[in-house]
Amino acid sequence: MGSAAQSTQYHATSKPSKGLAVNVRLFFKKKNLFSLALILFLCIFSYLFGLWQKTSGGFTPSTTTTTISIPCNTANTKQEELLDFGSHHTADDVGTTVASEVKIYPPCNVNFSEYTPCEDAHRSLRFSRRSLIYRERHCPEKDEKIKCRIPAPYGYKNPFAWPASRSFAWYANVPHKHLTVEKAVQNWIRYEGDRFRFPGGGTMFPNGADAYIDDIGRLINVKDGSIRTAIDTGCGVASWGAYLLSRNILTMSFAPRDTHEAQVQFALERGVPALIGVLASNRLPYPSRAFDMAHCSRCLIPWADLGGLYLIEVDRVLRPGGYWILSGPPIRWKKYWKGWERTKEDLKAEQTKIENVAKSLCWKKLVEQGDIAIWQKPLNHLNCKVNRKITQNPTFCPSDQDPDKAWYTNMETCLSNLPEVSNNEEVAGGELKKWPERLNAIPPRISRGTVEGVTEEIFQNDIKLWNRRLTYYKTVNNQFGQAGRYRNLLDMNAYLGGFAAALIDDPVWVMNVVPVQAKVNTLGVIYERGLIGTYQDWCEAMSTYPRTYDLIHAASVFSLYQDRCEMEDILLEMDRILRPEGSVIFRDDVDTLVKIKRITDGLNWDSQIVDHEDGPLQREKLLFAVKSYWTAPAAPDQN
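Below is a short write-up of the structure. What you are looking at is a predicted structure, and each value in this text was computed from that prediction instead of being measured.

A large share of strand β6 (residues 229–233) lies buried, amounting to five of its five residues. In the sheet, β6 pairs with strand β7 (residues 250–255) via five bridges, with the strands oriented parallel. Pairing of threonine 229 across the sheet is with leucine 250, part of β7.

The strand order β3-β5-β4 describes an open sheet built from three strands, whose pairing is antiparallel. Each edge of the sheet is formed by a strand with only one pairing partner; in this case those strands are β3 (168–170) and β4 (190–192). Averaged over neighbouring strand pairs, the angle between their axes works out to 30 degrees when direction is ignored. In this sheet, strand β5 (residues 195–197) lies alongside β3 in antiparallel orientation, the contact comprising three bridges. Paired with tryptophan 170 across the strands is arginine 195, a residue of β5.

As a further point, take the sheet that holds strand β8 (residues 274–276). With mixed pairing, seven strands are arranged side by side in an open sheet as β8-β7-β6-β9-β10-β12-β11. Pairing within the sheet leaves two strands with one partner each, and these edge strands are β8 and β11 (364–369). Each adjacent strand pair in this sheet contributes to an overall mean axis angle of 20 degrees, direction not counted. Relative to strand β9 (residues 291–297), β6 runs parallel, the two being bridged by three bridges. Counterpart to aspartate 232 in the pairing with β9 is histidine 295. Contacts from helix α10 (residues 309–317) reach β9 and β10 (318–327) within the one sheet, and its direction differs from that of β10 by about 140 degrees. Sheet contacts for helix α12 (residues 344–360): β10, β11 and β12 (372–376); angle to β11, the most-contacted strand, approximately 145 degrees.

Cut-offs applied
Residues numbered from 1 in each chain as written. Predicted model: local features only at pLDDT ≥ 70, side-chain atom pairs only at ≥ 80, totals over all residues. Heavy atoms only, no water. Buried < 20%, exposed > 50% of the residue type's maximum accessible area, 1.4 Å probe, protein only. Helix = DSSP H or I, 4+ residues; strand = E, 2+ residues; numbered from the N terminus. Pairing = 2+ DSSP bridges. Axes fitted to C-alpha atoms, helices over the stretch in contact; angles between N-to-C directions. Contact = heavy atoms within 4.5 Å.

Right under this line is the structure:
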């Protein structure tokens, strides 16, 4: 018996063999009968005591939370049996919650179907019309926030898959025909039965955005990868940005919540990056030196007014050596002045003022040909600082002013300082690789050590980490890997943009958000990688329409905002900007995820907590959720 016992290997999860179990019972029977009886008595007593405690209300297990445990290598592995997650991983204040206690969030009135809380037309009337301040972000106070779910319009359908969505959108999704009438001669948009068609035209490009971009391409190189990020001010339905995508140029398009209904909403419905925004009194929500190219096509912005304030803001966000393109008034005024219903003298004076502001910024005018004029920002400010001693206008901003600070930060008529250089040929802040090498090359902000706590090694490890995580995501959510299922993606806490970078070969685009509460401002790094994004405070609503995004990624967002604002308000905002049948991936501490799931159940989302990609022993877990499909009821005349 002794030799047999020595030859048997044991593990923590092993069960004893049948023969060994019999020998153990005989041993106890002969040698320790009294001990066996005592153990038996204690077992029976413990069982009866536990049964009494359960029936008397001593403990009620959670019925709202489960988990799936999925191995790291699961390409051909079936999901394991669902486990009871609530009894040992619930938050302290959730352990006694039953499903009936989940707070249910009712649908809002159909009048809220296009509600954009921080760009609300009625609230904006409280603010000054000076410099378009009333059209900027003005968010509701805490007691003004609504606690209901924004309905999709009756008949809402999933958008066309990209690239078909560039040309088509369902009428039911954005039921506004105003632009089809007002812009009919400009070839913006046409109404055809149950859908809209976007021919790709624009006010200054009647032959289509493709032909217009070809015209630009004959003046500057848009094909060699040196231009990757662009910004389009007053974007209309974002056809310029839509057609630049085929040239591997990613455009941030923006326009106000407009008098021409739904311009930005149409852009997003087409699967094109866009935000609601306006040049007024605050800086644009982007870091300095972000964009390789800026564009205005008849955007009607008074560039030369207010001491050139708006061109100075374009200079802040434009990369050294970047281009500013202007078409429309006053360019080519000699030909178009009658159609613009302005005098020659007025248009000539406006162009002269713009030219003078551009010179004061040390920009060089490269070309004016046809309807297009192009200026280039200098590579550095060495010569500019010498000239500034003579002109004095505009002055450079104080050296302690952060040019990347851009959330509710006033624009000023001072020139943002570029990083110091040693010679006239050196690119201020560091030269970027051409696309696509730029995506995974060490960003200059990191190689120069200007991003606190982020080293080259951390950056390279982040690339590997997110490639591995995306593989896991696509294993858990097989729809993630289906081309066309998702198009518009949002990363609520993007850090270095690793999530977006890992998706670069998929037919998607990602809005990378760096929360203003983040410990380190990394949005400049994201732009240096050739990706786009914005700043955002998630205690407030985003500057976008309802139903903007097909998939939202939220990594450690709720840990970041713990004790800053209400969890339910952030989740209601996510519900507002997520499409019906859109998906969300949460990454957070398990206790936080349990609280999130309780609220998403009240939002009528289908959700499931899943183990971390490194296994079940990690406290960080994942919550995969899908928003249910529902719409506003049919109007009486639609029945």
